[in-house]
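The lines below spell out each chain.
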Amino acid sequence: MESNTVLIGRVIGKATNIVFKAKLSPSSLIRPGNLYTIIQKNGEKYVGMLRSVESSENYIIGKFTIIGEPPTLPFFPGDPIYELDKETLEKRLKLDTNNFGKVFLGFLRGTKFKILVDIEKLLRYHFSIFAKTGAGKTYLASVIVEDLMNYHVPILIIDPHGEYNSLRYLRDLGLSSFARDIYVFDEADKKKFQELINDRKTIIFDLRGKKPREQSQILCELVDYFFYLAKNRKILPFLLLVEEAHNFAPERSFGYAPSTESLRTVASEGRKFGLSLCLISQRPARVDKSVLSQIGTQFILQMTDKRDIEAVIKSAEGLNREYFPLIQTLNIGEAVISGRIVEYPLIVKVRERTTFHGNFSSFKFISPQISKQNETKNNKISKRFKSR
């Protein structure tokens, strides 16, 4: 092993070549969902995911499952488990380390290994981002959009709350290098949108102030128009990113939206014509099941509602009920990646955005004038007490 790796524990009891238990020493390195290196007696190294843990006197018992290529022989008591090393990760999981044509999402959780995903695979089979409010949906979407813009991928963002205008600014609020390629509209202009997409620009369609039914009707007409153009090769391949997808394509039991049928068409047929779809929602259980079934890649951040987690697990490739507690205990900014772009589900710590994160329409409950008055008043009181 590398000299800087840390021994986590050792295999105990009966074991197969895929599933085993291990005695682990209490450590901050131990966390369900993380990956580790397991070494058999012949020196071969394998990657194992820690599925769950339970306490036993002064140590921890962990349940592991091999990820990637498994050994032909079972593991034996005493086989050591270490921090994951780069050589084993690349050999067993076959992760792509070539930066070109990739989105840099962040780092494999608990490590410094970059997670890069192929842009062609990501867009060809559609993708979704699901999380509870405040867990980082829009942040992750912006990270992906930043890298897509670096490769001049045309994007149309359906933005019901005006959250994506910040892509035009750096974290210090200076103009980003993307600003000249981003166009913000608050009214639909099909011909102008078509022109900008064919010029490989990014369009932010800010729908703030419009009623939900009106928003859905506008999207319905836009999607039908662009699907016709894509089908007849009159527009470049582009990404349609839809925020608040549960409002634009609701499951039947949660109401009707004019745009549902249009999004079903794009989800089922769009990829044949270069129309890629990204759905973002905090309520995946309320998203139309026909649309969900066509999504090839899922990014799942923290969720706590059981119905939403169930809906995601049922629709996602490679996930089962063992991921239920992992999804519930993700930290803010961590995401499970599953589907077409990865051989096996992985947990990533999302990288920092290069652009500003925040909503320029945000407001303060206390006016600056009142804040200043209270500050002055408190300073006078403080001085009075100090003089006593």
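Scroll up to find the structure this text is about.
Treat the numbers as computed from the prediction; the structure is a model and nothing was measured.

A. Looking closely at the overall build of the protein chain. On a plain count of helices and strands, the protein chain comes out with 11 helices and 17 strands. Restricting the contact set of the protein chain to residue pairs at least 6 apart, pairs at least 24 apart contribute 68%. Carbon and sulfur atoms form 51% of the exposed surface of the protein chain, whose accessible area is close to 19,200 Å². Distance between charge centroids for the protein chain: 5 Å, based on 59 positive and 43 negative side chains.

B. Region of the structure containing unusual backbone geometry. With a phi angle near 55 degrees, Arg 233 is a residue other than glycine that sits in the positive phi range. Topologically, Arg 233 is positioned in the loop between α5 (212–231) and β13 (238–242). Taking relative accessible area as the criterion, Arg 233 reaches 58% and is therefore assigned exposed. Here the phi dihedral of Glu 244 falls at roughly 55 degrees; this positive angle occurs in a residue that is not glycine.

C. A look at the pairing of strand β11 (residues 182–185). As paired strands, β11 and strand β12 (residues 202–206) are joined by 4 bridges and run parallel to one another. In the strand pairing of β12, Phe 185 is matched with Phe 205. Crossover handedness for the path β11 to helix α4 (residues 190–198) to β12: right-handed.

D. Representation of the environment of Phe 254 in the model. You can see Phe 254 is positioned in the loop between α6 (245–248) and α7 (260–269). Taking C-alpha positions, Phe 254 is 30 Å from Ile 144, a pair spaced 110 residues apart along the chain. With residues near it in sequence (within four places) discarded, Phe 254 still touches Ala 285 and Arg 286.

E. Region of the structure containing the pairing of strand β1 (residues 7–12). In terms of strand pairing, β1 meets strand β6 (residues 80–83) through 3 bridges, oriented antiparallel. The partner of Leu 7 across the bridge, within β6, is Tyr 82.

F. Broad picture of the sheet that holds strand β2 (residues 19–24). Pairing within the closed barrel is antiparallel, and its 6 strands lie in the order β1-β2-β5-β4-β3-β6. When strand polarity is set aside, the average angle formed by the axes of neighbouring strands in this sheet is 40 degrees. Where helix α1 (residues 86–93) meets the sheet, its contacts fall on β3 (35–39), β4 (45–56) and β5 (59–67), and the angle it forms with β4 comes to roughly 110 degrees.

G. Highlighting the packing of α4 against α5. For the pair α4 and α5, interaxial distance at closest approach is 11 Å and the crossing angle is 50 degrees. Taken together, the axes of α4 and α5 lie oblique to each other. For the pair α4 and α5, the crossing hand works out as right-handed. Judged by residue contacts, Lys 190, Lys 191, Phe 193, Gln 194 and Ile 197 of α4 engage Glu 221, Leu 222, Tyr 225, Phe 226 and Leu 229 from α5. Partitioned by chemical class, the residues of the contact of α4 with α5 number 6 nonpolar, 1 polar and 3 charged.

H. Looking closely at α1. Of the positions making up α1, those classed as buried are Thr 88, Leu 89, Arg 92 and Leu 93. Mapping the buried residues of α1 onto a view down its axis gives an arc of 100 degrees, with all of them on the same face. Buried residues along α1 sit against β3, β4, β5, β7 (102–108) and β17 (346–350). Immediately downstream of α1, the backbone of Lys 94 shows phi near 55 degrees, a positive value.

I. Looking closely at the sheet that holds β7. Strand order in the open sheet formed by 11 strands is β8-β7-β17-β16-β15-β9-β14-β13-β10-β12-β11, and the pairing between neighbours is mixed. On the outer flanks of this sheet lie β8 (114–118) and β11, each paired with one strand and no other. Strand after strand, the sheet turns through a mean of 25 degrees between neighbouring axes, direction not considered. Summarising the sheet, strand β15 (residues 297–300) and strand β16 (residues 334–339) pair through 4 bridges and their orientation is antiparallel. Residue pairing for β16: Thr 297 is matched across the bridge by Gly 339.

Here is what the cut-offs are and how they apply
- Along every chain, residues carry numbers that run from 1 in the direction the sequence is written.
- Local features are withheld for residues below a pLDDT of 70 in this predicted model, meaning they are given only at 70 or higher, and side-chain atom pairs are given and counted only at 80 or more; totals for whole chains, interfaces and linings count all residues.
- Only heavy atoms go into the side-chain values, all of them from the structure, while hydrogens and water stay out.
- A run of DSSP states H or I qualifies as a helix once it reaches four residues; a run of E qualifies as a strand once it reaches two. Both are numbered from the N-terminal end.
- Note on contacts: a residue pair qualifies if any of its non-hydrogen atoms lie within 4.5 Å across the two residues.
- Where accessible areas are quoted, they stem from the Shrake-Rupley method and a 1.4 Å probe; at the residue level, only the protein chains shown are allowed to cover.
- Working convention for charge: Lys and Arg count positive, Asp and Glu count negative, and His plus the chain ends are omitted.
- Think of each charge as sitting on NZ of Lys, CZ of Arg, CG of Asp or CD of Glu.
- The buried label goes to any residue with under 20% of its type's maximum accessible area, the exposed label to any with over 50%, and the partly exposed label to all in between, with areas taken from a 1.4 Å probe on protein chains only.
- At least two DSSP bridges between two strands are required for those strands to pair.
- For the handedness criterion, the strands are oriented away from the viewer, and a crossover whose path from the first strand over the helix to the second runs clockwise is classed as right-handed.
- Every axis in this analysis is a line fitted to C-alpha atoms, fitted for helices over the stretch in contact. Angles between the N-to-C directions lie between 0 and 180 degrees.
- Angle categories: roughly parallel below 35 degrees, roughly antiparallel above 145, roughly perpendicular from 65 to 115, and oblique for all the rest.
- A clockwise turn of the near helix away from the far one marks a right-handed crossing, whereas an anticlockwise turn of less than a right angle marks a left-handed crossing.
- Residues are grouped as follows: Ala, Val, Leu, Ile, Met, Phe, Trp, Tyr, Cys and Pro are nonpolar; Asp, Glu, Lys and Arg are charged; every other residue, Gly included, is polar.
- To be clear, the arc concerns the directions from the helix axis to the C-beta atoms.

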